[in-house]
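For reference, the chains in residue letters:
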Amino acid sequence: MQNCCNNRIFSSILSIVIVAPLLFFIALFASAPSGAEEPFSYYQGSYENINDFSSFNSSSLRGRNSLWIFFQAHCESCKRQFQSLSCLPITAPVVAVGYWGTKETLQKELRRYGHRGAAVMGDKNLAERNDFKQTPTLLIINKNGLIKNKYTAVVDCSVLKKELSQ
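Residues numbered from 1 in each chain as written. Predicted model: local features only at pLDDT ≥ 70, side-chain atom pairs only at ≥ 80, totals over all residues. Heavy atoms only, no water.

### Concerning the pattern of salt bridges
Item 1. Summed over the entire model, instances satisfying the criterion amount to three salt bridges.
Item 2. Across the pair Glu48 and Lys103 runs a salt bridge, and its minimum N-O distance is 2.3 Å. With Glu48 in strand S1 (residues 46-49) and Lys103 in helix H3 (residues 103-113), this pair connects stretches of sequence that are 55 residues apart.
Item 3. Residue Lys103 is classed as partly exposed on the basis of its relative accessible area, which comes to 31%.
Item 4. The salt bridge partner of Lys148 is Glu163, with a shortest N-O separation of 3.8 Å. Here the residue Lys148 occupies a position in strand S7 (residues 147-151), and Glu163 occupies one in helix H5 (residues 157-165), the gap between them amounting to 15 residues.
Item 5. Look at Lys148 and you get partly exposed, because its relative accessible area is 34%.
Item 6. Judged by its relative accessible area of 8%, Glu163 falls in the buried class. (Salt bridge = Lys/Arg side-chain N within 4 Å of Asp/Glu carboxyl O. Helix = DSSP H or I, 4+ residues; strand = E, 2+ residues; numbered from the N terminus. Buried < 20%, exposed > 50% of the residue type's maximum accessible area, 1.4 Å probe, protein only.)

### Quick look at unusual backbone geometry
Item 1. Look at the link from Thr135 to Pro136: it is a cis peptide, with omega at -5°.
Item 2. Relative to the assigned elements, Pro136 resides in the loop between helix H4 (124-129) and strand S6 (137-141).
Item 3. Unusually for a residue other than glycine, His74 sits at a positive phi of about 60°.
Item 4. The residue His74 is located in the loop between strand S3 (66-72) and helix H2 (76-83) in this model.

### What about the sheet that holds S7?
Item 1. Pairing within the open sheet is mixed, and its five strands lie in the order S5-S4-S3-S6-S7. At either margin of the open sheet sits one strand with a lone partner, and together these are strand S5 (118-121) and S7. If you compare each strand with its neighbour and ignore which way they point, the axes differ by 20° on average.
Item 2. Here four bridges tie strand S4 (residues 94-99) to S5, and the two strands are oriented parallel to one another. Bridge assignment links Val95 to a residue of S5, and that residue is Ala118.
Item 3. Strands S3, S4 and S5 of the sheet are contacted by H3, whose axis makes an angle of about 120° with S3.
Item 4. Running at roughly 170° to S7, H5 makes contact with S3, S6 and S7 of the sheet. (Pairing = 2+ DSSP bridges. Axes fitted to C-alpha atoms, helices over the stretch in contact; angles between N-to-C directions. Contact = heavy atoms within 4.5 Å.)

Take a look at the structure:
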């Protein structure tokens, strides 16, 4: 009888000494920090469309995958990327985000590229959110406005078509 009680006491102490700290560390590292930021949604902004200077509300893309192309004026790789989009339907949700140029310069480049979709001026917020460092940078944005995939080179249109349809 004495041996049975000692085993119970020993196992109780063992669980307190080993299991409790283990559970504490699991809980500590598994929970998000209290100040954690919500993921940035690309479908929550309103921008000036530099193609026609109308308003473009990105929430209109919610529920669809979309392609956001970060580009700059006089960028040959950007030009090749825009030209490669010819396999996409005219209704494909493609947003051009321009950097390093005036609105008028970027607008002229987009016409030269044959871009038909929305076009907005890039800002620091958009650049920081996707760690934007070079052009062209392509983001596939999922139906909820979150980054699904990122490319930092010219991408074949068939790959983009597949990405947008999934």
